[in-house]
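Each chain is listed here by its residues.
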Amino acid sequence: MHRRLIAPGALAASLLLAIPASAASSSPGAPGIGDPYYPAYGNGGYDVSHYDLRLTYQPRTDELEGTATLLATTTQDLSRFDLDFLLDVSEVRVNGAKASFATSGQHELEITPAKPLPKGTPVTVVVRYSGVPSTKSAYGFSTWHRTPDGAVAADEPEAAWWWYPSNDHPLDKATYDVSVAVPDGTQAISNGTLQSTSSRLGWTRYNWRSNKPQATYLTTLAVGKFDITTGTSEGGVPVVNAYSKDLGDNDGAARASVERTGELVDWLSGYFGPYPFSSAGGYVPNTTTGYALETQTRVYYSPKQFANGSNTSVVVHELAHQWYGDDVSLKGWKDIWINEGFARYAQWLWSEHEGEGTAQELADYVYASHPADDAFWAVEPGDPGPDDQFDIAVYDWGALAVQALRNEIGDDAFFAVLKGWPKKHAYGNASVDDFRKYAEQVSGKQLAALFDTWLFQPSKPAVSAARGVSLARGEGVPARPKSWKRIAATDSVHGH
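Here's what I pulled together on the structure shown here. (Residues numbered from 1 in each chain as written. Predicted model: local features only at pLDDT ≥ 70, side-chain atom pairs only at ≥ 80, totals over all residues. Heavy atoms only, no water.)

1. A look at the side chain of Asp35
- Relative to the helices and strands, Asp35 is located in the loop between strand E1 (27-28) and strand E2 (46-58).
- The buried charged residue Asp35 lacks any salt bridge partner; its closest oppositely charged side chain belongs to Lys334, at an N-O distance of 8.5 Å.
- Looking at Asp35, its side chain comes within polar contact range of the main-chain nitrogen of Tyr37, at 2.9 Å.
- Within the structure, Asp35 has its side chain in polar contact with the side chain of His169 (distance 2.7 Å).
- When neighbours within four sequence positions are excluded, Asp35 is seen to be in contact with His169, Gly332 and Trp333. (Helix = DSSP H or I, 4+ residues; strand = E, 2+ residues; numbered from the N terminus. Buried < 20%, exposed > 50% of the residue type's maximum accessible area, 1.4 Å probe, protein only. Lys, Arg positive; Asp, Glu negative; His and termini not counted. Salt bridge = Lys/Arg side-chain N within 4 Å of Asp/Glu carboxyl O. Polar contact = N/O pair within 3.5 Å; in protein donor to acceptor, adjacent residues only side chain to side chain. Contact = heavy atoms within 4.5 Å.)

2. A closer look at the sheet that holds strand E7 (residues 100-104)
- If you walk across this open sheet you meet the four strands as E1-E4-E8-E7, and the pairing is mixed. The sheet terminates laterally at E1 and E7, the two strands that pair on one side only.
- Of the pairings in the sheet, the one linking E1 to strand E4 (residues 78-84) comprises two bridges and is parallel in character. Following the sheet pairing, Pro28 is matched in E4 by Arg80. (Pairing = 2+ DSSP bridges.)

3. Thoughts on the packing of aromatic side chains
- Scanning the entire structure with this criterion turns up 44 aromatic pairs.
- Both rings, one in Tyr37 and one in Tyr38, keep their centres 6.5 Å apart while their planes meet at 70°; by these two values the pair is edge-to-face.
- Seen from their ring centres, Tyr51 and Tyr176 are 4.8 Å apart, and the 15° between their planes marks the pair as stacked. Residue Tyr51 is located in strand E2, and its partner Tyr176 is located in strand E12 (residues 174-183); the two are separated by 125 residues in the primary sequence. There is no split in this pair, since Tyr51 and Tyr176 are both buried.
- Members of the aromatic cluster, each reached through a chain of ring pairs, are Phe272, Tyr275, Phe277, Trp323, Tyr324, Trp337, Phe342, Trp421, Tyr427, Phe435, Tyr438 and Phe451. (Phe/Tyr/Trp six-rings, centres within 6.5 Å; stacked < 30°, edge-to-face > 60°.)

4. With respect to the pattern of salt bridges
- Counted under the stated rule, the structure contains 17 salt bridges.
- For Glu91, the salt bridge identified is with Arg128, shortest N-O distance 2.9 Å. Placement of the pair is Glu91 in strand E5 (residues 88-94) and Arg128 in strand E9 (residues 122-131), with a sequence separation of 37 residues.
- Judged by its relative accessible area of 17%, Glu91 is buried.
- Residue Asp434 pairs with Lys331 through a salt bridge whose shortest N-O separation is 2.9 Å.

5. Focus: helix H6 (residues 336-353)
- The end-to-end C-alpha distance of H6, which contains 18 residues, comes to 26 Å, matching closely the 26 Å that a straight helix rising 1.5 Å per residue would cover.
- Most of H6 sits inside the fold, with 16 of its 18 residues counted as buried.
- Gly355 sits one or two residues past H6 and shows a positive phi near 70°. (Expected span 1.5 Å × (residues − 1).)

6. Focus: unusual backbone geometry
- Going from Glu156 to Pro157, the amide bond is cis rather than trans, its omega being 10°.
- Along the polypeptide, Pro157 turns up in the loop between strand E11 (150-153) and E12.
- At Asp62, a residue that is not glycine, the phi angle is positive and equals roughly 65°.
- Tracing the backbone shows Asp62 in the loop between E2 and strand E3 (63-74).

Don't take any of this as a statement about function, it's just geometry.
Structure representation (structure tokens):
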């Protein structure tokens with residue numbers, strides 16, 4: 001018997017040859033996607049194309065069990081990657097093989113596959129988990145809202161961590177299948193269309209599908225006892241609305257507002273182009289929050305939005321987001337003006353439509369209502385910073401900037417921009433700079449100075465810059481438009 005002796009150097013060389021090049025060069029994916037407002041949100045190294053969530057939820061105890069299957073593709077040679085998640089994980093598999101996992105930071109689930117994943121590899125990630133979402137928090141808060149008969153997941157800029165693992169940033173949009181089993185007599189509501197229901201041994205399973213790309217924070221879950229209404233808009237859009245059965249005195253006003261969804265979708269289509277999704281609608285659970293949220297196809301409304309009676313203005317705001325924010329999502333959270341400035345401006349257009357004050361009259365009123373030393377003008381709508389992301393200035397000054405653009409380029413070009421933008425970037429992401437370039441392309445005008453003045457300077461635009469604000473030269477504040485009270489009632493629409 002002869003033994004072959006291998007010199008140490010030759011042994012090292014042979015071992016290196018045995019390791020795939022991709023493994024040698026693999027590195028962990030970043031624990032954040034790179035957004036300066038929220039450095040730990042999202043993750044690097046992969047792109048998700050589909051989420052399949054199969055859940056069981058017990059409203060009485062707030063216990064959630066789930067299996068999440070993510071279909072993704074690696075964007076680098078990947079040795080490890082993160083998901084954003086808070087519940088307790090029992091098993092992770094990557095492409096069928098068990099993977100090791102650990103938690104880090106406030107909401108990071110670190111996953112190490114059995115072997116490195118080369119760039120461009122299709123990946124199937126299966127995460128089995130359970131927990132009580134209401135017992136979890138990150139950064140000192142929770143976005144899981146308990147109700148008397150269930151719970152709701154709806155918040156911005158984060159909501160997913162409490163009920164499914166994700167790459168939690170709008171840059172990584174995906175399609176969804178959300179299947180939820182709840183006790184008989186309770187309903188589970190999510191985005192898109194209800195594909196089917198089935199009942200077995202005291203439990204009913206609801207299967208929802210979103211077939212267009214959807215940001216993680218726009219994915220919602222509501223469990224409770226609802227009265228569900230269905231219909232189709234005159235323009236052919238299926239509408240699904242739901243109301244908690246214990247809304248009390250707010251029930252009538254909520255229905256009088258949200259039941260107009262189909263009408264308002266059709267009306268907004270005249271400005272923004274065809275409705276971009278498979279269904280529309282909203283739900284009003286019995287929560288104590290004060291805000292509404294443009295959760296894709298199925299808008300979340302707090303009952304408090306209707307405490308003073310019906311308010312179609314808030315419905316217009318959230319439905320406008322289906323184009324501006326949902327169909328075309330922001331690239332970074334600093335681009336929030338594209339979402340909120342245009343949703344607010346849609347309320348101004350609705351006011352004009354209702355004969356309760358034109359967009360120009362509302363612009364005049366907002367401009368004159370805030371003196372130059374008002375803190376209102378210290379927030380830059382084009383880059384407000386994370387602490388002021390949902391400041392009222394992003395909404396009202398943001399809408400003023402939209403009116404300034406309209407006055408600068410004229411109605412023909414303005415409404416062409418309004419309708420063309422969702423088509424230009426359909427189901428994708430875009431920035432404020434992308435919008436400026438598109439408006440320049442359509443109008444044939446250079447708009448850098450206009451955008452700088454109205455979006456990026458922490459001071460009230462001078463009278464010369466506000467030439468389109470017809471009453472800016474006058475003294476005092478012009479008469480308050482009739483619609484202002486209802487518009488102002490939505491000031492806390494995203495005030496978390």
